[in-house]
Amino acid sequence: MKVLVVGGGHAGVEAARAAARVGARVELITLDPAAIGRMSCNPSIGGLAKGQLAREVDALGGLMGIAADHAAIQFRMLNTRKGPAVQSPRAQTDKERYAAFVRATTVGTPGVSVRRGQVAAILDQGGTQAGVRLTDGTRLSADAIVLTTGTFLRGLMHVGDRVSAGGRIGEAPARQLSASLRGLGLELVRLKTGTPPRIHAGSVDLSGLEQHIGPPDDGRFSFRTDPPKDRPSRPTWRTATTEATHDVVRENLARSPYGRGALESTGPRYCPSLEDKVVRFADRDHHRVFIEHETTDGPSLYLNGLSNCLPAEIQLEIVHSVPGLAGARLLRPGYAVEYDAVPAYQLRPTLECRALSGLFLAGQINGTSGYEEAAAQGLVAGLNAARAARGEDGLVLGRHEAYVGVLIDDLVSCCPREPYRMFTSRAEYRLLLRQDNADRRLAERAHAVGLLDDEALALQHVREANIARGIRALGQSDAPRRRRVAAGVTWATLSEEDPSLSSLGLDSDEAMQVELDVRYAGYVARQRRDVERAAALESTPLPEALDDTLLGQLRLEAREVLRRIRPANLGQASRLAGVTPADVQLLALGLARAERVRHPPNERSAGAPA
């Protein structure tokens, strides 16, 4: 069983390792093996909702959390003033250490081999993929393929009026594959993203800026490993743009491809360029800028919030107008990159193409933005590619089970036409899907499909047993103590009062789980009832081909949407824009009629009362 993975970014790495862990021979094809695991933009993992995804990738046996812990130079928990449902971990990382760790681990994964090359075409044999053809003419056969092309499909980079071919600075684009995908009948769209300038740390004086240093505790993403001892720590500084900054942008808009309309592609709504922010939010006199180290000891500083594609000399003016950055020396200007993507309504919930069996897509090719969204899709696509090659059904996680499930369902159902970013607000069951319980939710599922080994599951079982002992120790009948926990009293405080609790030896993560299980028991039970009420719709499948027998009584808009998206079940249909509750009810009635036709009730026996 052989799986080809095209691309060595965050999606490709997780896809290759997932497929190999469940028994596939994997060949990872990349333009540059040295670029495997490279962090193209922000030197961080996690963030609001993205931290949940990273934790879930770890719980499913992925690499991202372990790599982030290995390379972290600052760890923070975001939204700590709010409830646990919206708290998210974030690690500022040494991007060179991160990439080196990912590259070495991937290359060292049993069953994974790496080939330098560029894919020119997907081979089609009667509606099923038959391998790939490289630009040098080499043909490679496979039982399944995972495409994780990132920003490289016909990639174009823009700095001012200078346009160059590439998917990332210094790296060539994939020029021919888009035509092959169109030839398979897939719709492609043009998207864009961007990155800010980098400056030399020795050229600025940041002493007057607000500084943040991570907490003294050694936070982590992965529950399967301990973070390194004596981990290096680096600060983050906060500053902001000024009216002078905005004046420079406004005066030079015509020199930006954004301002002169040279970009026809759609950019990310929630990570706009500086040009976008100045134009769209003209009433704002400042926008926040975060200054982060890109490596532990290197000179490069990342200017989070100054993404733009103005000429390099104008970018330098912009940087100099920001407090703390006067006299800064530019190491690399920011730029915008345009690339082709495949709207994900053309995929099944397993991330397999409807148009070509055995072809799976993951990452930015599906219209997402962010390392974490890419890694989550890559892991699912790699697993499902290997399962499809064995003739097995793919893993599909529900919206109530994981942010990964929310992400993929949103992509294949809602068909976003701009780069998609995960937010906690997208998850209707977010109290169930907290970042702190990802392993408790997903370890058993991961083990069942072969992503987690027995040792990892055993560790999770020990953790679950410790949490259960802690809850029992509070006493089912000790209502006053449980009420104190519900009111916010911590396990540590109770342990000081009652030494029998401290003797249980719960670590800080396990103690927190005890607190949250007790504190939010009623709210969790309510969300579980909501899940049960929605289960009827989610468990009612729809046929792949929707004909007028089912759709004839629906409104025209609903019929068009349902034929285009082809939802897998009534639950997915109910979330489509343009499909009303009345349409869903008519669909359910149509399914019931079709079932009666297929399986008519027994004829009444002779003489039975009418």
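Nothing here was measured: the structure is a model prediction, and the numbers come from that model.

S.K.: Help me understand the sheet that holds strand β19 (residues 330-332), please; the structure alone is not making it clear to me.
M.R.: Backbone hydrogen bonds hold the strands of a sheet together, and the pairing may be parallel or antiparallel. The sheet built from 6 strands is open, its strands ordered β15-β16-β17-β18-β14-β19 with antiparallel pairing. Looking along the sheet, the strands with just one partner apiece sit at the ends: β15 (210-212) and β19. Mean inter-strand twist for the sheet, computed between neighbouring axes without regard to direction, equals 35°. Of the pairings in the sheet, the one linking strand β16 (residues 236-240) to strand β17 (residues 288-293) comprises 5 bridges and is antiparallel in character. Across the sheet, R238 pairs through a bridge with F290, a residue of β17.

S.K.: What is the right way to look at the state of the cysteines in this model?
M.R.: Summed over all chains, the structure comprises 0 disulfides. Here C41 is not disulfide-linked; the sulfur of C271 is the nearest cysteine sulfur, at 6.7 Å.

S.K.: What's the story with the sheet that holds strand β8 (residues 128-134) in this structure? I'm lost.
M.R.: Taken in spatial order, the 3 strands make up an open sheet running β7-β8-β9, and their pairing is antiparallel. This sheet does not close on itself; its edge strands, each paired only once, are β7 (119-125) and β9 (139-140). Bridging between β8 and β9 involves 2 bridges; their strand directions are antiparallel. For V132, the partnering residue across the bridge sits in β9 and is L140.

S.K.: Would you mind going over the domain arrangement of the protein chain with me for this structure?
M.R.: Interfaces are often sized by the accessible area lost when the parts come together. Domain parsing of the protein chain yields domain 1 (198-336), domain 2 (453-531) and domain 3 (541-603). Between domain 2 and domain 3, the C-alpha centre-to-centre distance is 44 Å.

S.K.: Can you walk me through the nonpolar core in this structure?
M.R.: One broad trend across soluble globular proteins is that nonpolar side chains are buried collectively. Judged by nonpolar contacts, the single largest core of 106 residues is most densely connected at V3, I122, L147 and L181. At 10 residues, the largest contribution of residues to this core is made by helix α9 (residues 371-389). Residues in contact with I122, not counting those within four places in the same chain, are Q129, G131, V132, I145, L147, L177, S180, L181, L184, L356 and L359. Grouped together as the second largest cluster of nonpolar side chains are 21 residues, V204, V249, L303 and L310 included.

S.K.: Quick question: what am I supposed to make of the environment of G324 here?
M.R.: Within the secondary structure, G324 sits in the loop between α8 (312-320) and β19. Considered as a pair, G324 and R238 are 86 residues apart in the sequence and their alpha carbons are 9.5 Å apart. Those residues in contact with G324 that sit more than four places away from it in its chain are V204, D205, L206 and L209.

S.K.: Would you mind showing me how to read the packing of aromatic side chains here?
M.R.: Here the distance between the centres and the angle between the planes together describe a pair of aromatic rings. Tallied over the full model, the rule gives 2 aromatic pairs. Both rings, one in F75 and one in F221, keep their centres 5.6 Å apart while their planes meet at 75°; by these two values the pair is edge-to-face. With F75 in strand β4 (residues 72-78) and F221 in the loop between β15 and β16, this pair connects stretches of sequence that are 146 residues apart. Residue class for F75 comes out buried when judged on its relative accessible area of 9%. A residue is classified by how much of its surface remains accessible, and F221, at 0% relative accessible area, is buried. It is R463 that lies over the ring of F223; its NZ or CZ is 4.5 Å from the centre. Stacked on the ring of Y345, the Lys or Arg R564 has its end atom at 5.2 Å from the ring centre.

S.K.: Where do I start with unusual backbone geometry in this structure?
M.R.: Glycine aside, residues mostly have negative phi angles, and peptide bonds mostly take the trans form. Even without a glycine there, the phi angle at R154 is positive, about 50°. Counting through the fold element by element, R154 comes out in the loop between β10 (144-147) and β11 (156-159).

Rules used in this analysis
- Residues numbered from 1 in each chain as written.
- Predicted model: local features only at pLDDT ≥ 70, side-chain atom pairs only at ≥ 80, totals over all residues.
- Heavy atoms only, no water.
- Pairing = 2+ DSSP bridges.
- Helix = DSSP H or I, 4+ residues; strand = E, 2+ residues; numbered from the N terminus.
- Axes fitted to C-alpha atoms, helices over the stretch in contact; angles between N-to-C directions.
- Disulfide = S-S within 2.5 Å.
- Domains from an automatic or database assignment.
- Core = buried A, V, L, I, M, F, W, Y, C linked by side-chain atoms within 4.5 Å.
- Buried < 20%, exposed > 50% of the residue type's maximum accessible area, 1.4 Å probe, protein only.
- Contact = heavy atoms within 4.5 Å.
- Phe/Tyr/Trp six-rings, centres within 6.5 Å; stacked < 30°, edge-to-face > 60°.
- Lys NZ or Arg CZ within 6 Å of the ring centre and 35° of its normal.

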